[in-house]
Amino acid sequence: MVVKVGFIKLGNLGTSQVIDLLLDEIAAREGIAVRVFGTGAKMGKDEAAETASFKNWGPNFVVMISPNSSAPGPTAARDVWKDTPTIVVSDGPTKKEDREKLEQAGFGYIILPVDPLIGAKREFLDCVEMATFNTDALKVLSICGAIRLVQTEIDKVIDQVAAGTKPLVLPKILAKPDKCVESAGFNNPYAKAKALAALHIATKVAEIDFPACFVLKEADQVAIAAASGHEAMRAAARLADEAREMEKANDSVLRKPHAKDGRLLTKTKLLEKPQ
């Protein structure tokens with residue numbers, strides 16, 4: 001059977017850039033079909049209502065990714081999709097009671113506090129700043145384990161659909177830095193420490209950018225606060241890059257490509273074949 005995986009992108013996170021590509025990185029995997037419904041930068045109730053048209057494709061399950069899943073738009077979108085197995089991927093909520101509400105409503109979730117809030121204020125952000133921030137964020141998320149964690153959990157649900165498992169067991173994960181870095185598979189402990197530091201910095205970026213986005217009013221204060229958050233993200237990206245370079249120097253970079261049948265293969269030596 002062909003497992004149909006739908007991705008609903010409301011607004012943007014760092015993870016949003018690649019989440020639909022993680023299941024088939026060289027476009028050679030058989031047995032799955034992927035489609036994406038995106039709403040650009042906006043994530044309001046109108047955009048949420050429009051996602052209903054995506055049901056015509058008939059996905060076996062959907063992955064709904066957005067900033068702040070407790071916001072009105074993502075909340076409205078979950079109401080549209082409450083009869084379809086749905087995994088919520090977001091930077092929040094991080095509080096246990098709020099995550100329990102998602103679980104009680106039948107939704108799976110992967111909460112990524114390491115996927116940082118951008119400094120989204122006109123006094124600071126333009127298209128170039130937005131793109132460079134997301135580049136830095138994606139470098140941290142990918143090298144330091146968050147991206148592989150998301151990919152692995154979605155693959156588990158695909159396997160359940162293919163096996164005819166009902167009801168599906170959906171992930172329920174709060175992906176803090178320590179959990180993410182374990183998915184990265186570092187061999188060098190210093191590389192792992194650098195990656196963990198990068199993830200911790202990434203979680204602090206939201207705390208720096210939040211006042212710029214929602215509290216501060218003076219243009220100079222807004223610009224300085226947002227800029228400092230983005231500088232922190234840049235520092236985290238440099239640490240992530242250093243961590244991967246250490247692994248490359250040891251010829252110990254973990255690679256886990258998909259086989260045609262969807263199995264995850266593994267290799268750590270550059271010149272060996274994945275098994």
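Remember, it's a predicted structure, so these values are computed and weren't measured experimentally. (Residues numbered from 1 in each chain as written. Predicted model: local features only at pLDDT ≥ 70, side-chain atom pairs only at ≥ 80, totals over all residues. Heavy atoms only, no water.)

Novice: Quick question: what am I supposed to make of the domain arrangement of the protein here?
Specialist: Many structure descriptions define interface size as the accessible area lost when the parts assemble. What the domain assignment reports for the protein is domain 1 (1-111 + 146-176) and domain 2 (118-144 + 185-253). Averaged C-alpha coordinates put domain 1 and domain 2 at centres separated by 24 Å. Counting residues at the interface gives eight residues for domain 1, matched by five residues for domain 2. For the domain 1 and domain 2 pair, buried surface summed over both sides reaches about 590 Å², with 58% attributable to carbon and sulfur atoms. Of all residues in domain 1, Gln17, Ala146 and Ile147 bury the most surface against domain 2, accounting for 59% of the area lost on that side. For the pair domain 1 and domain 2, the number of links is zero salt bridges. Joining domain 1 to domain 2, the criterion identifies four residue pairs in polar contact (both at pLDDT 80 or more). For the side of domain 1 that touches domain 2, the class distribution of residues is four nonpolar, four polar and no charged. (Domains from an automatic or database assignment. Contact = heavy atoms within 4.5 Å. Buried area = accessible area lost by both parts, 1.4 Å probe. Salt bridge = Lys/Arg side-chain N within 4 Å of Asp/Glu carboxyl O. Polar contact = N/O pair within 3.5 Å; in protein donor to acceptor, adjacent residues only side chain to side chain. Nonpolar A, V, L, I, M, F, W, Y, C, P; charged D, E, K, R; others polar.)

Novice: Can you help me understand the environment of Ile8 in this one?
Specialist: Relative to the helices and strands, Ile8 is located in strand β1 (residues 3-9). As for Ile8 and Ile65, which are separated by 57 residues in sequence, their C-alpha atoms are 6.2 Å apart. With near-sequence residues (within four places) excluded, Ile8 lies in contact with Phe37, Thr51, Phe54, Val62, Val63, Met64, Ile65 and Trp81. (Helix = DSSP H or I, 4+ residues; strand = E, 2+ residues; numbered from the N terminus.)

Novice: Help me understand the nonpolar core in this model?
Specialist: Inside soluble globular proteins, nonpolar side chains tend to come together where they are buried. Ile19, Phe61, Val140 and Ile154 are the most contacted members of the largest nonpolar core, which has 53 residues in total. Those elements that provide at least two residues to this core are β1, β3 (61-65), β4 (86-90), α4 (127-143), α5 (146-163), α6 (177-184), α7 (189-214) and α8 (219-249). No other element matches the eight residues that α5 contributes to this core. Composition of this core by domain shows at least three residues from each of domain 1 (1-111 + 146-176) and domain 2 (118-144 + 185-253). In this structure Ile19 touches Phe7, Lys9, Val63, Ile65, Val89, Val150 and Ile154, once residues within four positions along its chain are discounted. One finds Ala33, Phe37, Ala71 and Trp81 within the second-largest nonpolar core, a separate group that totals 13 residues. (Core = buried A, V, L, I, M, F, W, Y, C linked by side-chain atoms within 4.5 Å. Buried < 20%, exposed > 50% of the residue type's maximum accessible area, 1.4 Å probe, protein only.)

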